[in-house]
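Descriptive structure summary
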Amino acid sequence: MLPKFDILTDEQIDKIHNNSLKILQEIGVEFSYDPAIEVFKKHGQRVEGHRVFLDSDFVKKMVEKAPAQFTLHARNPEHNLICGGENIIYMPGYGAPFVYDADGGKRDATMADYDNFVKLAGASKNLHMTGGTVVEPTDVEDEIRHLKMAYSHIINSDKCFMGSSSGYEHAKDCIELTAVLHGGLDVIKEKPALICLVNSVTPLKYDDRMLGGLMAYAEAGQPMVIASLVMAGSTGPATLAGAMSLQNAEVLAGITLTQCINPGTPVVYGCTSALTDMSTGSLSIGNPENALFVSASAQFARFYGVPCRGGGGLSDAKTVDAQAGYESMMTLFAASSTGVNFVMHTAGILQYYMAMSYEKFMVDDEIAGMVLRYLKGFDCDSDEKMAYEVIEKVGPGGHFLTQKHTRKNFKTEFFRPALSDRQSFDSWSKDSLDTKQRAKLKWQEVLASYTPPELDPVIKEKVEAFIEKRSKELLK
Amino acid sequence: MNPIFEEIKDAIVDGDEDLAIELAEKVVEEKIDPVQAVQLGFIKGIEEVGAAWTNGEAFLPDVMMAADAMKAGMDVLEAVLAAGEGEGTYEDKGKIVLGTVEGDIHDIGKNIVGALLTSAGFKVYDIGIDQKAEDFVAKADEVGAKIIAASSLLTTTMKSQKVLVEYLDDQNLRDTYKVIIGGGPTSKKWGEDIGADGWAETADEAVALCKQLLE
Ligand code: B12
């Protein structure tokens, strides 16, 4: 693995860190959820109404309790993942309400799209998890969406996945369902198996729904990503240092709450901060400033001793064009090379989180493969890798194509593109397919040949029974 | 021409809310013609900003701060204008109640829509986030609005826009107000499905839509 590089000096880290602590102590954070207020009061923090003023030493003490890394367990142990340290976890986009088709069409995302994206992630060599809310299945009633989504992850793949955090009840459902899959709540408390996303409401607020979710995961000892999305220029300051200080304060406040509820609960420091486009007000994510926020966050997470979430194949493009490609490569590359561990939105996102695209998914999968190869870096560990002997054997003026050493090593040393075209002009011009057209053929082929890994029929029955029972109760 | 009109115009262009209030207070105290202050000061200023916006020379903070300054200054003049002081009359282009629907707290887009409507000469009453159908209608009734504008950013709260239209139907008020909707996940089709009078994808289009509805 390549060493991860820092983008902030120690002095810059210090300045932003202290700015954040000052924000927490003097401006405070609003928590709308009463049980959270009770927790802070119990821990001796100053509370006025719903605003909590967090003491700097207290924050430092609580954040220290969070583990530096943890294992997330999959139903197939081969897909267990370590979140933290040098590791990196890729997964599909999260939360988009639309699907953009290859022909430029825009439509509401459905449950069928949901299953498809989970399968594509299940089939991918480069995506480690199937993610969560891979699209918003708008054809399913919201009361039971969380159950249908969790079922899709359970049945269509044996990789790790994410659960709902929208409110205490929905969060609990997903946790209990995962417990059914793994053999009980005590089992997953020992071996965490479900992770969720909790977002602050920038600037400086946490709302009921998210806090309900946070409490449920913390109580059950399940990990969560605590993230802040500062739109610099609108929901936060227009300077990078100011926006970063604000994001950092919010994330620290969230992590502090988790550690008050259940010390040692695994958490991930999350960053989705980006820019406001000052002509339209829309969020803009495919830019160097976003890459800087993400890289700085990775460094802050290292500073606090917790894993980091951020980045992805992020783009503002509306179709799979050059913009989609170069923006996504920049944001995924920056995240990956500066030490982000958990990359939501790795594949599929178009137009600042508003849409998923099947073609974009395949392009990002390719980008992910390229970046993963880059991260492996050079292997200088053996004589074989140093290749002195074969260089000697071939000598001046020869070639290496017919050497055993070549035949053996190129397969592991070279990244083999699944989508990129490396043919000659003549061969390519037979069909003249561009990336988007090739990506369309590719995902159709992958879906057609994918067989989901089998789920033990006894467990499957229990899972389905749980969903049926809860659905009835929720739809009453 | 009284030099204060030029000062008011500049205050609006600079987005200087405090100065706009101060100058408006001076207009009232010194019994300067308020209609002229509006036409040659406030409106001149906001038109200049609007033109720069259309040309891509002005950015959101320019427009939104100008709209805030205009609103603050106009509030000061409201009483004297209502009393009919000054040569001629000043009337806004129409009153609009704007808010984010119940269950939804996204407000950046709504705020931008509000600012651009204000700068286009409409009088905007922003009731904030997480608002019930009743709240939109109560405010519209109170201020005599012609348009109710509802923003929603979540697929799960879009149905509150439908509830708003249904509520108006139930109250036999459907013909009293035009309802327009918008926000990220909404669409023209959604607007049509729920029987809204209009939908717009961007704030600029929202302004055009309101102009067209009040023609
Ligand atoms: C910023 C943001 C937040 C901020 C909001 C801060 C604030 N003060 O508004 C915070 C962090 C609080 C937040 C919270 C949540 N968010 Co949010 N958020 C966004 C984000 C990134 C940008 C929204 C935005 O401000 N855009 C910029 C403005 C200018 O655009 P706009 O609102 O669309 O407005 C324009 C037009 O639509 C139109 N318009 C807007 N309103 C109106 C009204 C009328 C009448 C008209 C005519 C026109 C019109 O004009 C505007 C200017 O051109 C979007 C993704 C995105 N790219 O849009 C997600 C997004 C909307 N959020 C989402 C979600 C899921 C949530 C949360 C549930 C949690 C989460 N996972 O983040 C909570 C919900 C809280 C709640 N109860 O409402 C999802 C929604 C998916 C879905 N199911 O529909 C999105 C799409 C992100 C995603 N892919 O997951 N969010």
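Details of the structure are given in the entry above.
Overview of the structure.

The rules we used
Residues numbered from 1 in each chain as written. Chains lettered and ligands numbered in written order. Predicted model: local features only at pLDDT ≥ 70, side-chain atom pairs only at ≥ 80, totals over all residues. Heavy atoms only, no water. Phe/Tyr/Trp six-rings, centres within 6.5 Å; stacked < 30°, edge-to-face > 60°. Helix = DSSP H or I, 4+ residues; strand = E, 2+ residues; numbered from the N terminus. Buried < 20%, exposed > 50% of the residue type's maximum accessible area, 1.4 Å probe, protein only. Lys NZ or Arg CZ within 6 Å of the ring centre and 35° of its normal. Pairing = 2+ DSSP bridges. Contact = heavy atoms within 4.5 Å. Axes fitted to C-alpha atoms, helices over the stretch in contact; angles between N-to-C directions. Near = heavy atom within 4 Å. Polar contact = N/O pair within 3.5 Å; in protein donor to acceptor, adjacent residues only side chain to side chain. Nonpolar A, V, L, I, M, F, W, Y, C, P; charged D, E, K, R; others polar. Buried area = accessible area lost by both parts, 1.4 Å probe. Salt bridge = Lys/Arg side-chain N within 4 Å of Asp/Glu carboxyl O.

This brings us to the packing of aromatic side chains. Residue and element names in this part refer to chain A. As enumerated under the stated definition, the model contains 12 aromatic pairs over all chains in all. Seen from their ring centres, Phe-31 and Tyr-206 are 5.3 Å apart, and the 5° between their planes marks the pair as stacked. Here the residue Phe-31 occupies a position in strand β1 (residues 29-31), and Tyr-206 occupies one in strand β11 (residues 205-206), the gap between them amounting to 175 residues. Neither Phe-31 nor Tyr-206 differs from the other in exposure class; each is buried. An angle of 50° between the planes, with centres 5.8 Å apart, marks the rings of Phe-425 and Trp-428 as tilted. Of this pair, Phe-425 and Trp-428 both sit in helix α16 (residues 425-429), three residues apart, roughly one helical turn. You can call Phe-425 exposed: its relative accessible area is 60%. Among the residues examined, Trp-428 registers a relative accessible area of 28% and is labelled partly exposed. Of the aromatic side chains, those joined through ring pairs into one cluster are Phe-117, Tyr-358, Phe-361 and Trp-443. The lysine or arginine in question, Arg-46, covers the ring of Phe-53, its NZ or CZ lying 4.0 Å from the ring centre. Across the ring face of Phe-98, the terminal group of Lys-106 is positioned such that the distance to the ring centre comes to 4.3 Å.

Before going further, it helps to spend a moment on the sheet that holds strand β5 (residues 198-199) of chain B. Residues and elements named next belong to chain B. Here five strands make up an open sheet; going across it, the order is β2-β1-β3-β4-β5 and the pairing parallel. Each end of this open sheet is capped by a strand with a single partner; those strands are β2 (123-126) and β5. The pairing of strand β3 (residues 147-151) with strand β4 (residues 178-182) spans five bridges and is parallel. The partner of Ala-150 across the bridge, within β4, is Ile-181. Where helix α6 (residues 133-143) meets the sheet, its contacts fall on β1 (95-100), β2 and β3, and the angle it forms with β1 comes to roughly 160°.

Next up on the list: the pairing of strand β4 (residues 69-72) of chain A. All names here are of chain A. Across the two faces of β4 the burial differs, with Phe-70 and Leu-72 buried and Gln-69 and Thr-71 not buried at all. When β4 meets strand β5 (residues 81-84), the two strands line up antiparallel, connected through four bridges. Paired with Phe-70 across the strands is Cys-83, a residue of β5.

This brings us to the site of the ligand. In the region of the ligand, 44 residues are neighbours, and Tyr-352 of chain A together with His-106, Asp-107, Ser-151 and Thr-155 of chain B sit closest. Separating a nitrogen atom of the ligand from a backbone N or O atom of Tyr-353 of chain A is a distance of 2.9 Å. Note that an oxygen atom of the ligand is positioned 3.1 Å from one of the backbone N or O atoms of Ala-203 of chain B. The dominant element in the shell around the ligand, judged by the number of residues it contributes, is helix α5 (residues 108-119) of chain B, at four residues. Residues belonging to the shell around the ligand are distributed by class as follows: 23 nonpolar, 16 polar and five charged.

This paragraph deals with the interface of chain B and chain A. The interface of chain B with chain A comprises 15 residues on the first partner and 18 residues on the second. At the boundary of chain B with chain A, total buried surface from both sides reaches about 1200 Å², with 64% on carbon and sulfur atoms. Joining chain B to chain A, the criterion identifies one salt bridge. If you list the elements that add at least two residues to the side of chain B that touches chain A, you get α4 (60-82) and α5 of chain B. Looking at side-chain class alone, the side of chain B that touches chain A contains nine nonpolar, four polar and two charged residues.

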